[in-house]
Amino acid sequence: MTEFIKSEIRPVFKATTFQHTSKSNNKKRAWKSLKQIISTERSLQWPENYVHYSSINAPPSFKPAEKFSDLSGLPAPYTDPQTRLRFANKEEYGTLIGLPMDITAGYLALRGASSIVG
Amino acid sequence: MSLSKGDEIPEKRLKIERTYSNRSRSDKTRSRRPTTEELSPSTSKTNKEKYAGPPILILDNGAYTAKIGVSSDESAKIIPNCIMKVKSERKRFFIGNQIEECRDLSGLYYLLPCEKGFTVKWTVQKPVWDYMFNNVSHIEDKGVIMTQPIFNFKTIQEITDEIFFEEYEIKSMLRVNPCDLAKYEYVNRVAGKNVPCIVVDSGFSYTTVVPYIDGKKYYPATRRINVGGKMLTNYLKEIISYRQLHVMDETYVINQVKEDSCYVSSNFKEDMRIAGLHGDANSIVKSYVLPDFNNIRRGYVQESKGAADHIAEGCQILRLNNERFTVPELLFHPSDIGIESVGIAECIVKCIHACPEKERPHLAKHIVLMGGNCNFPGFKERVYFDLRSYLPDHWSVNVHKPENPITFAWQGGKSLSADPKLKSLFVTKEQYEERGTAFTYERFSDWLHAEKTCNEENPSPTIETVPSSILNKSNLTRFDLFGKHEVESEELSESLNANSTDKLSKETTSDSKTDGADNSKDNDSSESSIVGRDIDVHQDDDSNKAKFKSSLFLETNENDSFDTHCFSSYDFNIFSNSFV
């Protein structure tokens, strides 16, 4: 009698073999790049003066950047107007004028000065 | 039927009793604990012996190395938080410290789980965690103290919750910022009392400067400089590649070069002058013997130039001149490579000036340095000298560098694990299952409750700006440990409402806010140009293959044939040989 009722009551929509899928390992996770995450965060409506990720970036320095030679790293009083590379002495200038375009561009990129306006 | 009921009921009753008895026990232990919460080293030891909860695993999940250990361990184990591939064994992935088994480390590829310090590549992070929890420190039935960066994003926290609570099935968890742990360690072990302090965490991805006032993080003055050890290594690698020897695919070796030979200059101009001299007068230039992974496993600085070094014969030697100090100098002058940002010392000064005026001299007395970059010789002295020259004469300046700056946060976690208050900070598995990720997010994100405050032009104390609806609640309790507010759910919703009305009223007059957004956009573009720079250089290399005898780019196609069984959903674009 009890067995009969039990089998009647047992909900049919529950599968006995059911396993929670979230516990298996091969679940695919949303893989957002950090850029996406930051841009979604930025698009949120923040209260005024609220401190969040992008607002704690350190401010720019008021001091002008010092100039160093691209070839040797020594202090560079001179700049070649054609390539915009900096150099410390005439020997460096000698090597500098012989450099191909792509190398000079690489040197500028290394210094973070590759943009045309900069 | 009755039989089955009878079976169930006692079980339920048992469960209730068990949980009840648990709770009462914990209540008892809490009340039995001494009310004096000032933790001197000796009392915390006794507390640790008394601690009755589950054993605690402390994981300082850094972007380059993870510091892991159980609270009973003497010190943390430092495990590389990455998966590596080498040229010599193409079929194998080296996870964490498995790399010690590898002999030939030339051309090491890194798969890093973090981008700018935030874990985003879960297909990398999960195997590393699996490896660590299986082989280094077991996680089963433990409470976990884990570190996360400031402003860790909601999506990232959700996935972390899911992995730890559902896949590792841990008992309870606490996520804190490593600076919090460092501050805890400093206040309890070094200073001995609850002093205001500034924690400078100069790590792999970035450097943060965090002031603590009244034991709480002061968010309006918190600053982050996007320069870390990763950038220094990449920069050294690039300038060596341009000036001497093509080492673009030897990040691992160059990282060692950086660690062995670089130092922070205390007198930059003078050092620069010496570096410009020729011959023996130049005391800065050093020869570095690169490893060949045959006789020499790790490179080293050649001490005396004259003495014949038999091992080094036939080895490649780098000549390091001003590179030795110009590379770490980026931490102090990021503008040298076009990053428009203040350096560490200036940033600390700006941070101090953004704090309430009466706290400023006290903050200057307690500056704590942590993170791997502090291991550069001369780093502490340089920070001190620079601060001394920036700050007023009558303030005393004190810079503290712990014995081991890398594991300092872990040590803080270790002392925290003995703290009787710890239990109230944890989120348990039951709580997580009951209330979900929103609850844990709210609990572990103390910036959500941070006081909304002033900008730099108006650095007055800011109590007034906190909505009175929050402050006037009498039953609102604050943890003086981390400054987290325990807010009941009703209050929370109320305060949220208050915030949203605030927001609505201020939306019309939010000119300054849009300014801020513009600023941040600028910053972002500069960041992307940094990332892009790497790529630019690669392309240049590609066109100059003959010049640099580059072999890297011939091999990029072979990457596609790697055994991919363990990363089925793998995107091979993230294979990179530098720290990107």
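Because the structure is a prediction, the values reported are computed rather than measured.

It is worth spelling out the sheet that holds strand S16 (residues 300–302) of chain B at this point. Residues and elements named next belong to chain B. A sheet is described by the order of its strands in space; here 3 strands give the open sequence S16-S15-S17, paired in antiparallel fashion. Here the strands that pair on one side only, and so sit at the sheet edges, are S16 and strand S17 (317–320). Averaged over neighbouring strand pairs, the angle between their axes works out to 35° when direction is ignored.

What follows concerns the packing of aromatic side chains. Under the definition given, this model contains 21 aromatic pairs over all chains. Plain terms: the ring middles of Tyr263(B) and Phe325(B) are 5.9 Å apart, the flat faces sit at 50° to each other, and that makes the pair tilted. With Tyr263(B) in the loop between helix H7 (251–261) and helix H8 (268–275) and Phe325(B) in helix H9 (residues 323–329), this pair connects stretches of sequence that are 62 residues apart. Taken as a pair, Tyr263(B) and Phe325(B) share a single burial class, namely buried. Put simply, the rings of Trp122(B), Trp129(B), Phe133(B), Phe164(B) and Tyr168(B) pair up and form one aromatic cluster. It is Arg224(B) that lies over the ring of Tyr53(A); its NZ or CZ is 4.0 Å from the centre.

Interface size is often expressed as the accessible area that is lost when the parts come together. Residue and element names in this part refer to chain B. Partitioning chain B into structural domains gives domain 1 (56–176 + 420–453) and domain 2 (248–323). A separation of 36 Å is found between the C-alpha centroids of domain 1 and domain 2. On the domain 2 side, the residues contacting the 11 residues of domain 1 number 8 residues. Where domain 1 abuts domain 2, roughly 890 Å² becomes buried across the two surfaces, and 47% of that area is made up of carbon and sulfur atoms. In this structure, the salt-bridge partner of Lys87 is Asp249, at a minimum N-O distance of 3.5 Å. For the side of domain 1 that touches domain 2, the per-class residue count stands at 5 nonpolar, 2 polar and 4 charged.

With that settled, the discussion passes to empty space enclosed by the protein. In this structure the tally under the stated criterion is 7 cavities of 30 Å³ or more. Reported here for the largest cavity is a volume of approximately 220 Å³. Along its surface, the largest cavity is lined by 16 residues, and Phe68(A), Ser69(A), Tyr235(B), Arg243(B) and Asp336(B) are the ones closest to its centre. Broken down by secondary-structure element, the contributors of at least two residues to the lining of the largest cavity are helix H4 (101–111) of chain A together with helix H6 (229–243) of chain B.

All names here are of chain B. One open sheet accounts for 3 strands, arranged S5-S4-S6; its pairing is antiparallel. This sheet does not close on itself; its edge strands, each paired only once, are strand S5 (94–95) and strand S6 (109–111). Sheet analysis places strand S4 (residues 83–85) next to S6, joined by 3 bridges and oriented antiparallel. From the neighbouring strand, Ile83 faces S6, where its bridge partner is Leu111.

What counts and how
Residues numbered from 1 in each chain as written. Chains lettered and ligands numbered in written order. Predicted model: local features only at pLDDT ≥ 70, side-chain atom pairs only at ≥ 80, totals over all residues. Heavy atoms only, no water. Pairing = 2+ DSSP bridges. Helix = DSSP H or I, 4+ residues; strand = E, 2+ residues; numbered from the N terminus. Axes fitted to C-alpha atoms, helices over the stretch in contact; angles between N-to-C directions. Phe/Tyr/Trp six-rings, centres within 6.5 Å; stacked < 30°, edge-to-face > 60°. Buried < 20%, exposed > 50% of the residue type's maximum accessible area, 1.4 Å probe, protein only. Lys NZ or Arg CZ within 6 Å of the ring centre and 35° of its normal. Domains from an automatic or database assignment. Contact = heavy atoms within 4.5 Å. Buried area = accessible area lost by both parts, 1.4 Å probe. Salt bridge = Lys/Arg side-chain N within 4 Å of Asp/Glu carboxyl O. Nonpolar A, V, L, I, M, F, W, Y, C, P; charged D, E, K, R; others polar. 1 Å grid on protein atoms, 1.4 Å probe; cavity = no way out; pocket = protein on both sides within 12 Å on 5 of 7 lines; lining within 4 Å. Points joined across faces, edges and corners; volume = space filled by probe spheres on them.

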